[in-house]
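What follows is each chain in one-letter form.
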Amino acid sequence: MDDHHPDLILRGAPAGYAAPAGCHALTVTEVHHYTDRLFRFRVTRPASFRFRSGEFVMIGLPNAERPVMRAYSIASPAWDDTLEFYSIKVPDGPLTQHLQQIRAGDTVLMRQKATGTLVLDALKPGKRLWMLSTGTGIAPFASLIRDPDTYDRFEQVILMHGCREVAELAYGAEITHATRHDPLVGELAHDRLRLLSSATREDYPVRKRVTDLITSGDIYSMLDVPPISAQDDRVMICGSIAMLGDCKAICLTRGLEEGANNRPAEFVVEKAFVT
Ligand code: A2P
């Protein structure tokens, strides 16, 4: 059954438009396309909306009576007055085939509650925080690296981002640069945030998968840090199902335990939601 209206996107902010129950109707303020598969966008933030850096929300378009909603990690930090999202574009994806067409001024729907396990509260204190990501799995870390709390809790923050192609690494480089020069967290992050990007299917200085960089030990010599241990290291993982499985196995082999909101431990996992 196709319940789409012919007008797939609400251009501008039509007077009198009411969001479905439980949803905020937000205005797009900025859209930036990186490749034919990746883009980011910003929307206005409702004054009442609270979330913890690293959490996700359900996003949709006002293009149907029962809009298709998909989980999106919030890529902006909890203190920011707008909300940022980083998205894949899937040609026949129920949501992203339309979402990729949004422009500034359009309307996006967001359910009112944020949730998720990639939060600082789900980890025990430690020295180093590893953020392991592939593809759009970097989104929750774009939020966390810009949160001063991250640097209050950890001496070092290591963001690893693996993609197939070099152009797909641009967002990670951009947010890392912005964080190091941010008036609020720049000073904290400048020497303590490290980014390690790898492109596995193109010519690039680092061509190994994030998992292979860890199991081979290459990453420790590249960053001059000791091997991951349950005593000092905490790990957050976000990527494809296969990537999550492999990263989780690495953590378990090293004696780290999986944490949750109500039971903080040494590592946490979240699927990068794709559609
Ligand atoms: P590779 O090119 O060797 O498959 P994808 O778009 O398939 O999610 O891949 C994004 C990045 O994640 C690619 O660099 C890919 O490497 C890598 N990747 C795919 N599967 C895994 C996995 N199980 N563990 C770690 N990295 C992975």
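Residues numbered from 1 in each chain as written. Predicted model: local features only at pLDDT ≥ 70, side-chain atom pairs only at ≥ 80, totals over all residues. Heavy atoms only, no water.

1. Describing the layout of surface pockets
Inference 1: Considered as a void within the structure, the largest pocket measures approximately 640 Å³ in volume.
Inference 2: Lining the largest pocket are 22 residues, with Thr134, Gly135, Gly162, Arg164 and Ser240 sitting closest to its centre.
Inference 3: The biggest single contributor to the lining of the largest pocket is helix α8 (residues 241-253), with three residues. (1 Å grid on protein atoms, 1.4 Å probe; cavity = no way out; pocket = protein on both sides within 12 Å on 5 of 7 lines; lining within 4 Å. Points joined across faces, edges and corners; volume = space filled by probe spheres on them. Helix = DSSP H or I, 4+ residues; strand = E, 2+ residues; numbered from the N terminus.)

2. What about the sheet that holds strand β6 (residues 107-111)?
Inference 1: Judged by pairing direction, the sheet is antiparallel, and its six strands sit side by side in the order β4-β3-β6-β1-β2-β5 without closing on themselves. Every other strand in the sheet has two partners, leaving β4 (69-73) and β5 (82-88) as the edge strands with one partner each. Across the sheet, the mean angle from the axis of one strand to that of its neighbour is 40°, orientation sign disregarded.
Inference 2: Bridging between strand β2 (residues 38-44) and β5 involves seven bridges; their strand directions are antiparallel. By the bridge assignment for β5, Val43 is matched with Leu83. (Pairing = 2+ DSSP bridges. Axes fitted to C-alpha atoms, helices over the stretch in contact; angles between N-to-C directions.)

3. Some details on the sheet that holds strand β9 (residues 193-199)
Inference 1: On the basis of which strands lie adjacent, the open sheet formed by five strands has the order β9-β8-β7-β10-β11 and parallel pairing. The open sheet terminates on both sides in strands that have one partner only, identified here as β9 and β11 (267-271). Geometrically, the sheet is characterised by an average inter-axis angle of 10° between neighbouring strands, direction not taken into account.
Inference 2: Here strand β7 (residues 128-134) pairs with strand β8 (residues 156-163) via seven bridges, running parallel. Its bridge partner being in β8, Trp130 is matched across the sheet by Ile158.
Inference 3: Against the sheet, helix α4 (residues 170-180) engages β8 and β9, with an angle of about 170° to β9. (Contact = heavy atoms within 4.5 Å.)

4. Considering the site of the ligand
Inference 1: All residues in the neighbourhood of the ligand are listed as Thr134, Gly162, Cys163, Arg164, Thr200, Arg201, Arg209, Thr211, Ala242, Met243 and Asp246.
Inference 2: Between the ligand and Arg209 there is a distance of 2.9 Å, counted from an oxygen atom to a side-chain nitrogen or oxygen.
Inference 3: Residue Ala242 places a main-chain N or O atom 3.3 Å away from a nitrogen atom belonging to the ligand.
Inference 4: Burial of the ligand by the protein chains amounts to 82% of its free accessible area of 550 Å².
Inference 5: Taken atom by atom, the bulk of the ligand overlaps the largest pocket.
Inference 6: Those elements that place two or more of their residues in the shell around the ligand are β8 and α8.
Inference 7: Here the element with the most residues in the shell around the ligand is α8; it accounts for three residues.
Inference 8: Residues belonging to the shell around the ligand are distributed by class as follows: three nonpolar, four polar and four charged. (Near = heavy atom within 4 Å. Polar contact = N/O pair within 3.5 Å; in protein donor to acceptor, adjacent residues only side chain to side chain. Areas by Shrake-Rupley, 256 points an atom, 1.4 Å probe, with all protein chains shown as cover. Sits in = over half its atoms within 2 Å of the grid points. Nonpolar A, V, L, I, M, F, W, Y, C, P; charged D, E, K, R; others polar.)

5. Some thoughts on the domain arrangement of the protein chain
When the parts of a complex come together, some accessible area is lost, and that lost area is often taken as the interface size.
Inference 1: Here the domain parsing of the protein chain yields domain 1 (6-111) and domain 2 (120-269).
Inference 2: Its C-alpha centre places domain 1 at a distance of 26 Å from the equivalent point of domain 2.
Inference 3: Counting residues at the interface gives 20 residues for domain 1 and 21 residues for domain 2.
Inference 4: Between domain 1 and domain 2, roughly 1600 Å² of surface is buried when both sides are summed, and carbon and sulfur atoms account for 56% of that area.
Inference 5: Of all residues in domain 1, Tyr34, Trp79 and Tyr86 bury the most surface against domain 2, accounting for 35% of the area lost on that side.
Inference 6: A salt bridge links Glu174 to Arg40; the nearest nitrogen and oxygen atoms lie 3.3 Å apart.
Inference 7: Inspection of the region where domain 1 meets domain 2 yields 14 residue pairs in polar contact (both at pLDDT 80 or more).
Inference 8: Sorting the residues of the side of domain 1 that touches domain 2 by element identifies β2 and β5 as the ones contributing at least two each.
Inference 9: Ranked by residues supplied to the side of domain 1 that touches domain 2, first place goes to β5 with four residues.
Inference 10: Residues that form the side of domain 1 that touches domain 2 fall into these classes: nine nonpolar, six polar and five charged. (Domains from an automatic or database assignment. Buried area = accessible area lost by both parts, 1.4 Å probe. Salt bridge = Lys/Arg side-chain N within 4 Å of Asp/Glu carboxyl O.)

6. Quick notes on the packing of aromatic side chains
Inference 1: Following the criterion strictly, the structure yields nine aromatic pairs and no others.
Inference 2: For the pair Phe39 and Phe41, a centre-to-centre distance of 5.8 Å together with 25° between the ring planes defines the contact as stacked. Phe41 shares its class with Phe39; the two are buried.
Inference 3: Consider the rings of Trp130 and Tyr220, whose centres lie 6.1 Å apart with planes at 90°: the pair is edge-to-face. With Trp130 in strand β7 and Tyr220 in helix α7 (residues 218-223), the pair connects residues that are 90 residues apart, well separated along the chain.
Inference 4: Note on Trp130: relative accessible area 0%, which makes it buried.
Inference 5: An aromatic cluster is defined as three or more aromatic residues linked by ring pairs; in this entry it consists of Phe39, Phe41, Tyr72 and Phe85. (Phe/Tyr/Trp six-rings, centres within 6.5 Å; stacked < 30°, edge-to-face > 60°. Buried < 20%, exposed > 50% of the residue type's maximum accessible area, 1.4 Å probe, protein only.)

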